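# A closer look at the structure
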Amino acid sequence: MPPDTAVRYALEARRLGKRFGSHQVLSEVSFGVPPGKTFCILGPSGSGKSTLLRCLNFLETPDEGEVLLDGERVGFRNGAYMKERELSLLRVRMAMVFQHFNLWPHLTVLGNVIESPVYVLGRSRDQATADAQVLLSKVGLAEKQNVYPHTLSGGQKQRVAIARALAINPKVLLFDEPTSSLDPEIVGEVLLVMRQLASEGMTMIVVTHEMGFAREAADTTIFMDAGKIVEVSTPDEFFVQPRTERARQFLQRYVR
Amino acid sequence: MTNDFLTVFRHFDQFLGGLWNTLWLAGATLVFASILGCGIAALMLARQRSIRKLVAFLVDGMRCIPFLLLAYLVYYGLPELGLQFDSWTCGVSALVLYHSAYVAEIVRGAWTSLAREQINAGKAFGFHGYKLFRRIILPQLFFASAPVVGNQTVQIVKDTAFLMIITVPELTFVASSIQATYFVPFASFMVAMLLYWVVTLVIEAGVRRVEVSASLRRAA
């Protein structure tokens, strides 16, 4: 990276494109998230939101474009694909919260939270455990540290997943529809934790259908349709006066 | 009849020796068949279709033949091709070969049902290569397949009895030679059966503990 370009974005996507076979899932997707900001990605199902998120940490390899983490190119080095080892070092500077939690069932709650800090980041077990306990208290699950994930409710699992994500001190937190597989009455407990993180200045990219959350917690909303970014705006603009007809249609269907 | 049992008990040390050999054979088979079975399972999931097909065909074939025939083939058949080994080597090889096919099928099933997203979660948190396998995949495969492999162990123990026909001095071999020497077939075979029964009970108790441990760690 040329050292003279000041890094304005914690994470930046430049003209990302992705095809599955002949189906163009993403095209020309560009945006930049400044440090400490929360971006919500909104749009109808199948608009490419989740694929976009997975292209950011290269769980899906984009066919075109660049991803920059703190100004550093992800996935490529000198025009060739990175080795898995190098890619892993970049991935672990982001963290992901999945729609279906994807906690590791063979590890306890505490084990899930300290797994990457101990075995990827090489922190001592004692240090990682102490940090994990602080994070588990923060998400309100301190007393659950020694149970296995299958005994938890969906909301509890997702809060553990958030603690697991925070434990690696990520530059950016990626949320892939974190509340879509939860019962409506427990969505709130997860959103509460996410709001708190946003207000503490965590950098977050949230793919969601929770319009209330986007409206209150987002600094910027990105509206996607058919693999393209249609609107980038503040939530006040987007929810009150969307600029495009497509966004108006979407909002009519999703809000109330 | 009481005298028959007394005769058997006078030679109980020989039964224990046979039992020890049986346990040793079953233990070695479990270890080596597990290792070989994992390797075969990996081949059954290979990228090349031709390898997958071939290995699946061989595994199915192995599971379709009676173990006794395989033991005969290895001990009496291979020398014709110039491959001659002692009875122990033949016995263990036949057991390992036969049971690795079963283990392979069990492990393949566990691997196929391991959610793709579990691996993605590992990658997203910086795991890759060997560490991804060792920390995220292997433990889940272990807890999914250990109870089933545990039950397979009972089958392994019972199959060791076939090795008497290739003169491996395991429990059934001992029982058979004692009854032939002292003409006490009922007492001798009864005692051997009881010993097999005890071994099976112990294995089943162990399997139940593994099951409890696995169900704690079950997915979702």
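As a reminder, the structure under discussion sits directly above these lines.
Just so it is clear, the model here is predicted, and its values are computed rather than measured.

## Notes on the overall build of chain A
- For chain A, the helix and strand inventory stands at nine helices and 12 strands.
- Taken over the C-alpha trace, chain A has a radius of gyration of 18 Å; the compact-globule value for 256 residues is 18 Å, and the two agree within 12%.
- For chain A, the C-alpha atoms occupy an extent of roughly 50 × 50 × 35 Å along the three principal directions.
- Out of the 256 residues belonging to chain A, those deemed buried represent 55%.

## Some points on the sheet that holds strand S5 (residues 72-73) of chain A
All names here are of chain A.
- Pairing is antiparallel across the open sheet formed by four strands, whose spatial order is S2-S1-S4-S5. Either end of the sheet is taken by a strand with one partner, and the two such strands are strand S2 (23-33) and S5.
- Bridge count for strand S1 (residues 11-20) against S2 is seven bridges, and the pairing is antiparallel. Of the residues in S2, the one forming a bridge with glutamate 12 is glycine 32.
- In the packing of helix H1 (residues 49-56) onto the sheet, the strands contacted are S1, S2 and strand S4 (64-69), and the crossing angle to S1 comes to about 120°.

## A closer look at the nonpolar core
Residues and elements named next belong to chain A.
- Membership of the largest hydrophobic core comes to 97 residues, with the highest contact counts inside it found for Phe31, Leu56, Ile162, Leu173 and Ile205.
- The leading source of residues in this core is helix H6 (residues 184-199), at eight residues.
- Excluding its chain neighbours within four sequence positions, the residues that come into contact with isoleucine 205 are Leu11, Phe31, Val33, Phe39, Ile41, Leu53, Leu56, Val172, Leu173, Leu174 and Phe175.

## Some words on the packing of helix H3 (residues 49-64) of chain B against helix H5 (residues 87-113) of chain B
All names here are of chain B.
- Where H3 contacts H5, the two axes come as close as 9 Å, and the packing angle between them is 120°. Of the possible angle classes, the one that applies to H3 and H5 is oblique. Between H3 and H5 lies a crossing whose hand is left-handed. Side by side, H3 and H5 meet where Val59, Met62 and Arg63 of the first sit next to Leu97, Tyr98, Ala101, Tyr102 and Glu105 of the second.
- In the contact of H3 with H5, the residues fall into six nonpolar, no polar and two charged.

## Concerning the environment of glutamate 200 of chain A
All names here are of chain A.
- For glutamate 200, the location among the structural elements is in the loop between H6 and strand S10 (204-207).
- Each C-alpha atom of the pair glutamate 200 and threonine 38 lies 11 Å from the other, and the pair is 162 residues apart in sequence.
- Among the polar contacts made by the side chain of glutamate 200, one reaches the side chain of lysine 138 at a distance of 2.7 Å.

Thresholds, definitions, all that
Residues numbered from 1 in each chain as written. Chains lettered and ligands numbered in written order. Predicted model: local features only at pLDDT ≥ 70, side-chain atom pairs only at ≥ 80, totals over all residues. Heavy atoms only, no water. Helix = DSSP H or I, 4+ residues; strand = E, 2+ residues; numbered from the N terminus. Rg over C-alpha atoms; globule rule 2.2 N^0.38 Å. Buried < 20%, exposed > 50% of the residue type's maximum accessible area, 1.4 Å probe, protein only. Pairing = 2+ DSSP bridges. Contact = heavy atoms within 4.5 Å. Axes fitted to C-alpha atoms, helices over the stretch in contact; angles between N-to-C directions. Core = buried A, V, L, I, M, F, W, Y, C linked by side-chain atoms within 4.5 Å. Parallel < 35°, antiparallel > 145°, perpendicular 65-115°, else oblique. Left-handed = near helix turned anticlockwise from the far one by under 90°. Nonpolar A, V, L, I, M, F, W, Y, C, P; charged D, E, K, R; others polar. Polar contact = N/O pair within 3.5 Å; in protein donor to acceptor, adjacent residues only side chain to side chain.

Treat this as a map of the structure, not an account of what it does.
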